[in-house]
Amino acid sequence: VTWRFALEEIEGSVQHAYAEALKERIEERSDGRIEIDIFPYGSLGTSAQLTELVRNGSISLAFASPGHLANTIPEVGLFTLHYVLPDDADVTREILASAELLELFESLYANQNMKLLGFVPEGWMAWTANKALRSPEDFTGQRIRTMTSDMAEETFRAYGAEPSQIPYSQVYSDLQLRKIDGQSNPVFAIEEMDFYEVQTTMTLARPAQFVASVVSNLEWYDALPENQQQWLDNGLKDVAQIAWETQEELNQTRLAQMLEGGHMKVVRLTDSEREAFREASMPVRDIYLERTGESGQRILGRLNQLIEQTETRKQS
Ligand code: 6CS
């Protein structure tokens, strides 16, 4: 049998490394009875289209980034909020890998005919533009590209920007043609999508991790023979760690590459500069809660508990 796995990123990306690692494990464990066919970004469609293909069963597995998925599942808009997850990368990694967090979202995905298989952090979001973005005021009037959901726009609107939703594949040309002034993505992606060629400045504000989710078609997953389901579940656990290490490495080496190339100015925000953004982003939590009601309240509350528990455990 062949499992089709569709990516929202091109070859050489974090998602690609994840898919390759999963493919290797599953093909090995199944003694070649299962083959995984990987479709890098561009071969099948935009993120929103990939989600449709999973939901209708045309493909078995796909990445679905919350920034694109939040119109379908408002609660995942959580991951578009800024300064919600802790600064400590280890705490964030643990929380995103925890069964407790997955459980909070499982039924929301299931209602859309998807099985939520995991959350994959891909590194800190960085902002690029043709100027430094040191304060919310610097965003005034900036046309900022966001992922394709209404929730993804809200934080940038709170900063005073003019956000617009654009598919990933269109970002480079829109920057080049100056239809937009800036965008937000992890460092590795800014390098591999060549955004640095058409932007002068990258601002490192560490506002949020880029978080993707891995999904499958729900009926497909439920119909898998038990041993295949186990290979998949175990494979996913193994590759979580690999994905984490890959993103760390890619984000570091590609930052160094872009710095060496002298393509962009890189600005790192101080703690007090970050604090101003944190404050400006707070009202967006109310917008999230308005759109998600009790369900979002439960998720945000439980997330804060998980953060506290994990931080206390780490300290002791
Ligand atoms: O900005 C985006 O749309 C995309 N960015 C990354 C790093 N992965 C997938 C997502 O669709």
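Refer to the structure presented above.
The residue numbers shown here count from 1 along each chain, following its written sequence. Where local features are concerned, this predicted model is filtered to residues with pLDDT of at least 70; where side-chain atom pairs are given and counted, the filter is 80 or more; whole-chain, interface and lining totals use all residues. Think of the side-chain values as coming from all heavy atoms in the structure, minus any hydrogens and water.

## So, the site of the ligand
And then number 1: Within the structure, the ligand sits among E8, E9, S47, S65, H68, R145, M147, Y168, N185, P186, A189 and F210.
And then number 2: Polar contact criterion, stated in full: a pair of N or O atoms within 3.5 Å, where within protein one must be able to donate a hydrogen and the other to accept it, and residues adjacent in sequence count only if both atoms are side-chain atoms. Here an oxygen atom of the ligand sits 2.8 Å away from a polar atom, N or O, in the side chain of R145.
And then number 3: Taking N185, its side chain carries an N or O atom lying 2.9 Å from a nitrogen atom of the ligand.
And then number 4: Split into classes, the residues belonging to the shell around the ligand amount to 5 nonpolar, 4 polar and 3 charged. A molecule or strand has a residue near it when one of that residue's heavy atoms lies within 4 Å. Throughout, the ten residues Ala, Val, Leu, Ile, Met, Phe, Trp, Tyr, Cys and Pro are labelled nonpolar, Asp, Glu, Lys and Arg are labelled charged, and all others, Gly among them, are labelled polar.

## Details of the pairing of strand β5 (residues 143-146)
And then number 1: Whether two strands pair depends on DSSP finding at least two bridges between them. Under the scheme used here, helices are H or I runs from DSSP no shorter than 4 residues and strands are E runs no shorter than 2 residues, and both carry numbers assigned from the N terminus. Sheet analysis places β5 next to strand β6 (residues 162-165), joined by 4 bridges and oriented parallel. From the neighbouring strand, T146 faces β6, where its bridge partner is Q165.
And then number 2: The parallel pair β5 and β6, bridged by helix α6 (residues 150-158), forms a crossover whose chirality is right-handed. Every crossover in which the path from the first strand over the helix to the second runs clockwise, viewed with the strands pointing away from the viewer, is termed right-handed.

## Side note on helix α12 (residues 283-315)
And then number 1: The terminal C-alpha atoms of α12, which comprises 33 residues, lie only 30 Å apart, well short of the 48 Å expected from a rise of 1.5 Å per residue.
And then number 2: Only protein chains enter the accessibility calculation, which uses a 1.4 Å probe. A residue is then buried if its area is under 20% of the maximum for its type, exposed if over 50%, and partly exposed in between. Buried within α12 we find V284, R285, Y288, T292, G296, I299, L300, L303, L306, I307 and T310.
And then number 3: Contacts were defined at the residue level, with two residues in contact if any of their heavy atoms lie within 4.5 Å. Residues of α12 that are buried make contact with α4 (89-97), α5 (99-110), α6 and α11 (271-281). Here, expected helix span is obtained from the residue count minus one, scaled by 1.5 Å.

## So, the pairing of strand β4 (residues 114-129)
And then number 1: Along β4, 15 of the 16 residues are buried, which leaves the element largely enclosed by surrounding structure.
And then number 2: Bridging between β4 and strand β9 (residues 209-217) involves 8 bridges; their strand directions are antiparallel. Across the sheet, residue L116 finds its bridge partner in β9, namely V215.
And then number 3: In terms of strand pairing, β4 meets strand β7 (residues 183-186) through 4 bridges, oriented antiparallel. Within β7, the residue paired with M125 across the bridge is P186.

## What about the environment of A152?
And then number 1: Structurally, A152 is set in helix α6.
And then number 2: What makes A152 buried here is its relative accessible area of 7%.
And then number 3: C-alpha of A152 to C-alpha of F195: the two residues are 43 residues apart in sequence and 19 Å apart in space.
And then number 4: The contacts of A152, once residues within four sequence positions are left out, are G67, T80, T146 and M147.

## Re the packing of α6 against α12
And then number 1: The N-to-C vectors of α6 and α12 enclose an angle of 155°; their axes lie 9 Å apart at closest approach. Relative to α12, the element α6 is oriented roughly antiparallel. Seen along the crossing, α6 lies across α12 with a hand that is right-handed. In contact with D150, M151, E154, T155 and A158 of α6, α12 contributes V284, I287, Y288 and R291.
And then number 2: Residue composition of the contact of α6 with α12, by class: 5 nonpolar, 1 polar and 3 charged. The angle between two axes is taken between their N-to-C directions and runs from 0 to 180 degrees, where each axis is a line fitted to C-alpha atoms and a helix contributes only its stretch in contact. For classification purposes, angles smaller than 35 degrees are called roughly parallel, those larger than 145 roughly antiparallel, those between 65 and 115 roughly perpendicular, and all remaining angles oblique. By convention the crossing between two helices is left-handed if the near helix lies anticlockwise of the far one by an angle smaller than a right angle, and right-handed if it lies clockwise.

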